[in-house]
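# Examination of the molecular architecture
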Amino acid sequence: MPDVTAFNDRSTPMSLLLSRRSGKARDMIAPGPDAAQMQRILTAAARVPDHGKLAPWRFVIVPESERDALAEALDAIYVAEKPDAGRVEREAVRAFARQAPALVVTLFRPRESHIPLAEQAASAVSATMTLAHGAHAEGFVSCWLTGWAAYSPAVTALFGAPGDSIVGFMFLGTAARPLEERPRPDLGEVVSVWRGASQS
Ligand SMILES: Cc1cc2nc3c(=O)[nH]c(=O)nc-3n(C[C@H](O)[C@H](O)[C@H](O)COP(=O)(O)O)c2cc1C
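Worth saying up front: this structure is predicted, and the values here are computed from it rather than measured.

### Structural notes on the site of the ligand
Taken together, Arg20, Arg21, Ser22, Trp144, Leu145, Thr146, Gly147, Arg182 and Arg184 make up the full set of residues adjacent to the ligand. The separation between an oxygen atom of the ligand and a polar side-chain atom of Arg20 is 3.0 Å. A distance of 2.7 Å separates an oxygen atom of the ligand from a polar side-chain atom of Arg182. In the complex, 55% of the free accessible area of the ligand, which totals 620 Å², lies under the protein chains.

### So, the nonpolar core
In terms of nonpolar packing, the biggest core is built from 26 residues, with Val105, Val155, Phe159, Ile166, Phe169 and Phe171 touching the most fellow members. Only helix H3 (67-81), helix H4 (87-98), strand S3 (102-108), strand S4 (141-145), helix H6 (148-151), helix H7 (153-159) and strand S5 (165-175) provide two or more residues apiece to this core. Among all residues touching Phe171, those that are not within four sequence positions of it are Ala25, Met28, Arg67, Phe96, Gln99, Ala100, Ala102, Leu103, Val141, Ser142, Cys143 and Leu145.

### So, the pattern of salt bridges
Two side chains carrying opposite charge are able to pair once their charged atoms lie near each other. Following the criterion strictly, the structure yields 11 salt bridges and no others. When the shortest N-O distance is used, the salt bridge between Arg177 and Asp27 registers 2.9 Å. Separated by 150 residues along the polypeptide, Arg177 in the loop between S5 and helix H8 (187-190) and Asp27 in the loop between helix H1 (13-19) and strand S1 (28-29) bring together distant segments of the chain. Note on Asp27: relative accessible area 22%, which makes it partly exposed. Of the charged contacts in the structure, one is a salt bridge between Arg90 and Asp75, with a shortest N-O distance of 2.8 Å. Of the two residues, Arg90 sits in helix H4 while Asp75 sits in helix H3, which places them 15 residues apart along the sequence.

### Some details on the packing of aromatic side chains
If you walk through the whole model with that rule in mind, you get 5 aromatic pairs. Taking the centre distance of 4.8 Å and the plane angle of 90 degrees together, the rings of Tyr78 and Trp148 count as edge-to-face. Pair noted here: Tyr78 is in helix H3 and Trp148 is in helix H6, with a separation of 70 residues, a long-range link. Judged by relative accessible area, which is 8%, Tyr78 ranks as buried. Three or more aromatic residues joined by ring pairs form one cluster here, namely Phe96, Phe159, Phe169 and Phe171.

### What about the UniProt feature "binding site: FMN" (unreviewed entry) in the chain?
Taking the numbering used here, the UniProt-annotated feature "binding site: FMN" (unreviewed entry) corresponds to Arg20, Arg21, Ser22, Arg47, His51, Trp144, Leu145 and Thr146. Their sequence span is 127 residues, while the largest C-alpha to C-alpha distance among them is 28.0 Å; these annotated residues do not converge on one region. Here Arg21 is to be found in the loop between H1 and S1. Arg21 gets classed as buried once you look at its relative accessible area, which sits at 8%. If you trace the backbone, His51 turns up in the loop between helix H2 (35-45) and strand S2 (57-62). The contact partners of His51, leaving out residues within four places of it in the chain, are Ile115 and Glu119. Side chain to side chain, His51 and Glu119 meet in a polar contact 2.5 Å long.

### Quick look at H4
Between its terminal C-alpha atoms H4 stretches 17 Å, which fits the 16 Å expected from 12 residues at 1.5 Å a residue. Looking only at H4, the buried set comprises Val93, Arg94, Phe96 and Ala97. Buried positions in H4, seen along its axis, are confined to an arc of 150 degrees and lie on one side of it. Exposed residues on H4 whose side chains face more than 90 degrees from its buried face are Arg87 and Val88. For H4, the elements touching its buried residues are H3, S4, H6 and S5. One or two residues past the end of H4 sits Ala100, with phi positive at roughly 70 degrees.

Definitions and cut-offs
Residues numbered from 1 in each chain as written. Predicted model: local features only at pLDDT ≥ 70, side-chain atom pairs only at ≥ 80, totals over all residues. Heavy atoms only, no water. Near = heavy atom within 4 Å. Polar contact = N/O pair within 3.5 Å; in protein donor to acceptor, adjacent residues only side chain to side chain. Areas by Shrake-Rupley, 256 points an atom, 1.4 Å probe, with all protein chains shown as cover. Core = buried A, V, L, I, M, F, W, Y, C linked by side-chain atoms within 4.5 Å. Buried < 20%, exposed > 50% of the residue type's maximum accessible area, 1.4 Å probe, protein only. Helix = DSSP H or I, 4+ residues; strand = E, 2+ residues; numbered from the N terminus. Contact = heavy atoms within 4.5 Å. Salt bridge = Lys/Arg side-chain N within 4 Å of Asp/Glu carboxyl O. Phe/Tyr/Trp six-rings, centres within 6.5 Å; stacked < 30°, edge-to-face > 60°. UniProt positions renumbered as here; feature names shortened; annotations may be inferred. Expected span 1.5 Å × (residues − 1). Arc of directions from axis to C-beta.

Listed below in structure tokens is the structure:
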């Protein structure tokens, strides 16, 4: 049987889904997606199920030319929030902004609607995940990161409007080395067949 989890097996739609895995953002090298590839990746990400057609998500591209500015902005916010931060911590914050050839910040922008907030958030998460699949389909690796920056209101304000939240910092690029697979859940643990009342 072919190893359908081989990272480079994008030969069929199913092998594409079965082979996606994250890379480490700090290990990503050029090239990242060019403008046409990024357009396709984002077009795919914007095709997610979306109850009420609210588009409760946004994608903010941070171009390479703005990475230093982002690093400085994150550092300034970090120091304001954590005045005792040391040099190493601050350097890690700056390095976060500069890693990988491409960065897209995905935002959850909830709408006034009868559609429950959780459903709107589900659509935003789906868009973020589809972005990861789109990157894989275009031959790149991705990494979905959050951490301190995703939960800082001041960082969120760099990218979005009041009320937005950051779903993920999506780093995209080329894997510098073969990716390591991680253990995946045993399907026996996460899948069951409902058999009506006899189940309980
Ligand atoms: C919402 C979300 C936030 C994440 N944030 C981080 C993070 O801040 N740091 C980290 O090391 N991994 C984070 N991860 C995990 C990685 O993105 C990735 O899922 C993990 O490395 C496993 O890779 P896989 O995609 O091959 O399963 C996050 C995942 C999700 C879904």
